[in-house]
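# Observations on chain architecture
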Amino acid sequence: NFSKRLLESTAININNYSIDGGITVLNAELREPGSLVVLTTTYMTEGETYTLTVNNVESLDELVIAPNSQIQFTIQAFILANIGNPGAPGSVTDATGGFNLTGSGTNVLGNADQFVFNYLERQDDFDLKIRLDGFSMADVWAKAGLMARESVDRASRFASVTATPSVSGSFFQARTTVGGQAIQEGSFPVSYPSTWLRLQRSGDTFLGYASPDGQNWSKLGQENLLGAQRPMLVGLFVSSASFAQAVTVGFRDLAEATGEPVGNVVLEREPLGPSNR
C-alpha cells in the first residue's frame, strides 16, 4: 500500500521491486484505488522474515519514492480450526483469486458457537475486505464472512461481518463478554458473486460494512470489545446451521481495504423478500 495514487507504468515494473533470500518478483499489478500494488513471487517459506526493497515508483503528482525504501514482512500460513467440534470437519481448497472453505456447525449465535474458522494472528489494528463468490445450497441461516476472535473457545468474544445464502442478507455480529449473548446489527442484501464484506479494528472498536462492488460501503454495525486482546485471531469462517451437513463458500480477493467507507449505498434493485406472487 502506498500513500498516493501511482503512475501505472512505474507501479507495474517488476524491476522496481526486489525481495531478499533469492525470491523473484514475477508480476506486479496495480489495483484500485490506484495506490495498491500486488506482487506475485516465487515460493516463500512459512515463518521466514523477508525484506522488500522498492525503487523508482512514482505517484501521479510526480513524487518518486525515496531510493531503496524497505519494509520487512513475515510469511504466515492460515490455521484451520473446528470451533465447538462440528460434525463435518472443515477443509480448504485453492481457487483462482482465493480459496473455497467447506464446513458445518450449528451456528454463530447465542452464548457459544460451532463453526469452521480459517485464521491468522493479527497484532495490529486492521481493515480487511473480502468478496464472497458463492454459497452452496444451505439453510437460510447458514453464515460465512470475516471474523476477529480472542480465542478458539466456543464462548469467546468476537466481532464479525456475516453473509447468508439468500434472503437473510448480511449483518454485523459481536459477543462483547465471554459467554454472553451475541449481538446482531444492521442488514444489507447479498448478491453473489459480488457480495463484499469489510471488517475494521481501531483499538477496542470493531466495525462491519457490506458492499455490492467493494468500493462503496454501507455500515452494518459497531461494537466495543473493551480490553480486546492483541494479537487476535482474524480470518474467514463458515457455519452451515447444521451439526453435520457441510456447506462450501467461495472467498475471493482478500485484501487490506483502503479509503474511508462511503455510506448510504443506493441499490439498483429491491432486495429479495417474502411475496405472495
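This text follows the structure it describes.
To keep things clear, this report deals only with the structure shown in the data block. (Residues numbered from 1 in each chain as written. Predicted model: local features only at pLDDT ≥ 70, side-chain atom pairs only at ≥ 80, totals over all residues. Heavy atoms only, no water.)

### Some remarks on the sheet that holds strand β1 (residues 17–19)
Here is the rule: Note on pairing: DSSP must find at least two bridges between two strands before they are called paired. Only runs of H or I of at least four residues qualify as helices and only runs of E of at least two qualify as strands under DSSP, and these elements are numbered from the N terminus. Helix axes use the C-alpha atoms of the stretch in contact, all axes being lines fitted to C-alpha atoms, and the angles between their N-to-C directions lie in the range 0 to 180 degrees.
An order of β1-β4-β5 is seen for the 3 strands of this open sheet, with the pairing classed as antiparallel. Edge positions in the sheet fall to β1 and β5 (69–74), since each has one partner strand and no second. For this sheet, the mean inter-axis angle between neighbouring strands, taken without regard to orientation, is 20°. For strand β4 (residues 49–54) and β5, the ladder comprises 6 bridges, and the chain directions are antiparallel. Opposite Thr-53, over in β5, you have Gln-70 as the bridge partner.

### Comments concerning unusual backbone geometry
For the peptide bond that leads from Tyr-192 to Pro-193, omega is 10°, which places it in the cis range. Residue Pro-231 follows Arg-230 across a cis peptide bond; omega there is 0°. Along the polypeptide, Pro-231 turns up in the loop between β18 (218–224) and β19 (232–239). The phi torsion at Asn-85 lies on the positive side, around 55°, for a residue other than glycine.

### Description of the layout of surface pockets
Our working definition: Only protein atoms enter the 1 Å grid used here, on which a cavity is any set of points holding a 1.4 Å probe that cannot leave and a pocket is any open set flanked by protein within 12 Å on both sides along at least five of seven lines; residues with an atom within 4 Å of a point are listed as lining. Grid points are joined across faces, edges and corners, and a volume is the space filled by probe spheres set on the points. Classification convention: Asp, Glu, Lys, Arg as charged; Ala, Val, Leu, Ile, Met, Phe, Trp, Tyr, Cys, Pro as nonpolar; all other residues, Gly among them, as polar.
Size it by volume and the largest pocket reaches roughly 2000 Å³. The wall of the largest pocket is formed by 48 residues, among which Val-38, Leu-39, Phe-73, Ile-75 and Glu-256 lie closest to the centre. A breakdown of the residues in the lining of the largest pocket according to their chemical character gives 26 nonpolar, 13 polar and 9 charged. Estimates place the volume of the second largest pocket at around 530 Å³. What lines the second largest pocket is a set of 23 residues, among which Pro-189, Val-190, Ser-191, Leu-267 and Arg-269 lie closest to the centre. Split into classes, the residues belonging to the lining of the second largest pocket amount to 12 nonpolar, 8 polar and 3 charged.

### So, a nonpolar patch on the surface
Quick reminder of the rule: Patch members must show over 30% relative accessible area and no salt bridge, and they are joined within 9 Å when carrying like charges or within 5 Å when they are nonpolar side chains of Val, Leu, Ile, Met, Phe, Trp or Tyr. Working definition of accessibility: Shrake-Rupley area with a 1.4 Å probe, residue cover restricted to the visible protein chains. The salt bridge definition used is simple: a Lys or Arg side-chain nitrogen within 4 Å of an Asp or Glu carboxyl oxygen.
Taken together, the side chains of Val-140, Trp-141 and Val-167 make up a nonpolar region of the molecular surface, amounting to roughly 260 Å² of accessible area. Relative to the assigned elements, Val-140 resides in the loop between β11 (126–135) and β12 (143–149).

### Some thoughts on the nonpolar core
The cut-off we apply is this: For our purposes a nonpolar core is just a set of buried Ala, Val, Leu, Ile, Met, Phe, Trp, Tyr and Cys residues, chained together by side-chain atoms within 4.5 Å. A 1.4 Å probe rolled over the protein chains alone gives each residue an accessible area, and that area as a share of the maximum for its type sets the label: buried under 20%, exposed over 50%, partly exposed in between. Throughout, a residue-residue contact means that at least one pair of heavy atoms, one from each residue, lies within 4.5 Å.
Among the nonpolar cores identified, the biggest contains 33 residues, and Leu-132, Phe-206 and Phe-251 are the most heavily contacted of them. Per-element accounting of this core gives the leading share, 5 residues, to β11. Other than its neighbours up to four places away in sequence, Phe-251 contacts Gly-97, Gly-98, Phe-99, Leu-101, Ile-130, Arg-131, Leu-132, Ala-144, Gly-145, Leu-236, Phe-237 and Val-238. Of all hydrophobic cores here, the second largest spans 15 residues; its members include Ile-23, Val-25, Leu-30 and Val-57.

### Topic: the sheet that holds strand β7 (residues 91–95)
On the basis of which strands lie adjacent, the open sheet formed by 7 strands has the order β7-β8-β20-β11-β16-β17-β18 and antiparallel pairing. A single partner strand is all that each edge strand has here, and the edge strands are β7 and β18. Each strand axis lies, on average, 25° off the axis of its neighbour in the sheet, ignoring direction. With 6 bridges joining them, strand β17 (residues 205–211) and β18 adopt antiparallel strand pairing. Bridge assignment links Gly-208 to a residue of β18, and that residue is Gly-221.

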